[in-house]
Amino acid sequence: MAEEELPNPPTRQVVLQRIYLKDASVEVPLAPQVFTRQWNPQLDVKVGTATTPLGGGVHQVMLTVTVTAKLGEETGFLVEVHQAGIFQIIGFSSDSDTQAILAGYCPGVIFPFAREAVADLIQRSGFPPVLLQPINFEALYMEHLTRAREQAVTAGNNAGATVQ
């Protein structure tokens with residue numbers, strides 16, 4: 001009796017093709033006077049992601065990290081980094097799986113590179129090093145989905161309401 005061969009199931013892969021620094025900027029509007037002041041800034045860190053399909057299952061994922069140091073009302077420095085990666089996503093049939101990879105996994109791969117670029121730019125600008133804490137992008141994505149579902153339910157419940 002001949003054994004029946006089953007076709008190999010499609011392999012699910014996320015292939016990192018490239019990581020690159022797309023853009024970086026530093027502003028030190030109070031230089032050189034800022035270096036003569038007591039340095040005890042309030043740091044504001046903003047992180048955002050954007051994805052761009054490039055075709056054939058290939059996507060660019062860009063992480064934007066902005067760090068602003070404030071001395072009272074004045075800006076000591078502002079550093080912004082756009083760190084990007086190109087990823088090929090193979091064998092995932094559902095859009096929700098692909099979105100989870102693009103919004104959760106890929107930014108987590110890129111973040112250490114962005115963190116290093118930010119730290120380097122801040123130090124090269126003459127300021128003490130700033131170490132950004134790790135971010136769990138997968139948890140943030142799950143939180144985003146939960147909020148979106150709650151808003152959809154709320155909008156659905158309010159759809160029958162009338163405004164007077």
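Look up a bit, the structure's there.
Residues numbered from 1 in each chain as written. Predicted model: local features only at pLDDT ≥ 70, side-chain atom pairs only at ≥ 80, totals over all residues. Heavy atoms only, no water.

Draft legend 1. Broad picture of the sheet that holds strand β4 (residues 74-90). Taken in spatial order, the four strands make up an open sheet running β1-β4-β3-β2, and their pairing is antiparallel. At either end of the open sheet lies a strand with only one pairing partner, and these are β1 (13-27) and β2 (42-55). Between one strand axis and the next, the sheet turns through 15 degrees on average, direction left out of account. (Pairing = 2+ DSSP bridges. Helix = DSSP H or I, 4+ residues; strand = E, 2+ residues; numbered from the N terminus. Axes fitted to C-alpha atoms, helices over the stretch in contact; angles between N-to-C directions.)

Draft legend 2. Layout of the environment of Val-109. Residue placement: Val-109 occurs in helix α1 (residues 95-124). It is 9.0 Å that separates the C-alpha atoms of Val-109 and Leu-16, two residues lying 93 residues apart in sequence. When neighbours within four sequence positions are excluded, Val-109 is seen to be in contact with Leu-16, Ile-19 and Phe-87. (Contact = heavy atoms within 4.5 Å.)

Draft legend 3. Highlighting the packing of aromatic side chains. In the structure shown here, the tally under the stated rule is five aromatic pairs. Ring pairing ties together the aromatic residues Phe-35, Trp-39, Phe-77 and Phe-127, which thus form one cluster. (Phe/Tyr/Trp six-rings, centres within 6.5 Å; stacked < 30°, edge-to-face > 60°.)

Draft legend 4. Quick peek at the pattern of salt bridges. Scanning the entire structure with this criterion turns up five salt bridges. The closest approach of N and O atoms between Asp-97 and Arg-12, which form a salt bridge, is 3.9 Å. In this pair, Asp-97 is assigned in helix α1 and Arg-12 in the segment before β1, connecting sequence segments 85 residues apart. (Salt bridge = Lys/Arg side-chain N within 4 Å of Asp/Glu carboxyl O.)

Draft legend 5. A look at the side chain of Arg-115. Mapping Arg-115 onto the fold places it in helix α1. Of the side chains with opposite charge, Glu-116 lies nearest to the buried Arg-115, which makes no salt bridge, at 8.2 Å. Those residues in contact with Arg-115 that sit more than four places away from it in its chain are Leu-131, Leu-132, Gln-133 and Pro-134. (Buried < 20%, exposed > 50% of the residue type's maximum accessible area, 1.4 Å probe, protein only. Lys, Arg positive; Asp, Glu negative; His and termini not counted.)

Draft legend 6. Looking closely at the nonpolar core. One finds Leu-63, Val-65, Val-67, Phe-77, Val-118, Ile-122 and Leu-132 to be the most contacted residues of the largest nonpolar core, which totals 27 residues. Breaking this core down by element, the ones donating at least two residues are β3 (58-71), β4 and α1. Sorting elements by how many residues they give to this core places α1 first, with nine residues. With residues up to four places along the chain from it excluded, the contact list for Val-118 reads Val-65, Val-67, Val-79, Val-81 and Leu-132. (Core = buried A, V, L, I, M, F, W, Y, C linked by side-chain atoms within 4.5 Å.)

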